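Observations on the model geometry
So the chains spell out like this:
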Amino acid sequence: MKICFLGTGSSAGTPVIGCRCSVCSSRDPYNCRSRASILVTQNNVNILVDTGPDFRYQALREGIPGLTAVFYTHFHADHINGIDDLRAFNFLQREIIPCYADPRTAAELEKRFQYCFLPPDPDWTKPALSMKAIEGALEFSGLLVQPVPVMHGNLPIYGYRFNDAAYLTDLKSLPESSLSLLGNLELLILDCLRMEPHPTHLNLEEAVALARRIGARRTLLTHMTHDMDFSSLAGGLPAGIEPAYDGLSVFL
Ligand SMILES: [Zn+2]
Ligand SMILES: [Zn+2]
Ligand SMILES: [Zn+2]
């Protein structure tokens with residue numbers, strides 16, 4: 001299984017428009033972060049998690065050849081607003097692309113992007129998607145996708161476990177019942193917004209504490225703001241915890 005980090009940034013991305021801070025003006029490519037998303041690949045299965053506003057550029061950069069399904073974590077704009085560019089895969093594959101989410105996110109997407117869930121037009125010129133609200137695991141040729149409920153402040157949303165890896169973006173806390181879904185992980189990908197506390201995201205201190213509690217063999221941090229300078233962050237983390245960066249691929 002391969003996990004590619006399409007984006008590792010927060011809602012504004014890094015650099016932030018109009019910002020002149022040292023990270024936003026840095027020449028380090030690791031400080032360039034598009035909106036958070038991953039692609040999980042195993043054999044011929046390609047699972048995309050979220051379609052943020054940078055999805056088109058991410059798909060071109062990584063040469064994504066096709067999509068099996070899209071899993072949504074939640075309905076915030078930085079995770080969904082690139083949905084229109086899924087139509088490129090409708091056009092290539094000549095089929096409806098299945099999408100999955102928690103019941104509330106599924107309903108929100110069907111409401112906001114109603115035109116994407118209509119019957120496909122004959123030339124596949126509009127996004128043609130199906131949406132299914134899920135509460136349990138799904139399997140795609142040996143790739144098991146298990147929803148992991150997390151709390152994004154007061155909003156219950158999903159992270160996902162893919163075989164021995166888990167992707168938990170946008171969370172402030174983890175319900176006790178979800179901890180049991182995260183045993184024996186090779187890789188944990190975890191929200192780590194910034195240094196200062198935030199009402200709906202983990203800051204660095206909280207992310208390190210939660211990473212230790214979950215105890216994955218390796219933890220990679222994502223959804224970072226321009227507070228986070230890659231090289232200073234990378235140099236100061238405990239063993240087994242590292243910042244992710246756009247374009248990083250991990251093989252499991
Ligand atoms: Zn977000
Ligand atoms: Zn900045
Ligand atoms: Zn969010």
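Since the structure is predicted, the reported quantities are computational estimates derived from the model, not experimental observations.

Criteria and thresholds
- Residues numbered from 1 in each chain as written.
- Chains lettered and ligands numbered in written order.
- Predicted model: local features only at pLDDT ≥ 70, side-chain atom pairs only at ≥ 80, totals over all residues.
- Heavy atoms only, no water.
- Core = buried A, V, L, I, M, F, W, Y, C linked by side-chain atoms within 4.5 Å.
- Buried < 20%, exposed > 50% of the residue type's maximum accessible area, 1.4 Å probe, protein only.
- Helix = DSSP H or I, 4+ residues; strand = E, 2+ residues; numbered from the N terminus.
- Contact = heavy atoms within 4.5 Å.
- Arc of directions from axis to C-beta.
- Donors = N, O, S within 2.8 Å, 3.2 Å for Na, K, Ca; no water.
- Tetrahedral: all angles 85-135°; square planar, octahedral: opposite > 155°, others 65-115°.

1. Comments concerning the nonpolar core
In this structure, Leu168, Leu182, Leu188, Leu190, Leu204, Ile214 and Leu221 are the most contacted members of the largest nonpolar core, which totals 28 residues. Of all the elements in the fold, those that place two or more residues in this core are strand E8 (143-152), strand E9 (155-162), strand E10 (165-168), strand E11 (187-191) and helix H6 (204-214). Top contributing element to this core by residue count: H6, with six residues. Once you skip the residues sitting within four places of it in the chain, Leu204 turns out to touch Cys192, Arg194, Met195, Leu221, Met228, Leu233 and Leu237. Within the second largest apolar cluster, 27 residues are counted, among which are Ile3, Ala36, Val49 and Tyr167.

2. Focus on helix H1 (residues 55-62)
Each turn of an α-helix holds 3.6 residues, which means side chains three or four residues apart point in the same direction. Three or more residues of H1 are buried, namely Phe55, Gln58 and Ala59. Buried residues in H1, looked at end-on, bunch into an arc of 100°, giving them a common side. In H1, those exposed residues whose orientation departs by more than 90 degrees from the buried face are Arg56 and Leu60. Contacts from the buried residues of H1 go to strand E1 (2-7), strand E2 (37-42), strand E3 (45-49) and helix H3 (87-93). One or two positions beyond H1, positive phi appears at Gly63, with a value near 60°.

3. Let's talk about the coordination of the zinc ion (ligand 2)
Protein-derived coordination of the zinc ion (ligand 2) comes from Cys19 (SG), Cys21 (SG), Cys24 (SG) and His226 (ND1), at a distance range of 2.0 to 2.3 Å. In this structure, the zinc ion (ligand 2) is surrounded by four donor atoms whose angles at the metal cover 106 to 114°, and the resulting shape is tetrahedral. Between consecutive donor residues of the zinc ion (ligand 2), the sequence gaps follow C-x1-C-x2-C-x201-H. Taken together, the positions of Cys21 in the loop between E1 and E2 and His226 in the loop between strand E12 (218-222) and helix H7 (230-235) put the pair 205 residues apart, joining distant regions of the chain. The class of His226 is partly exposed, set by a relative accessible area of 25%.

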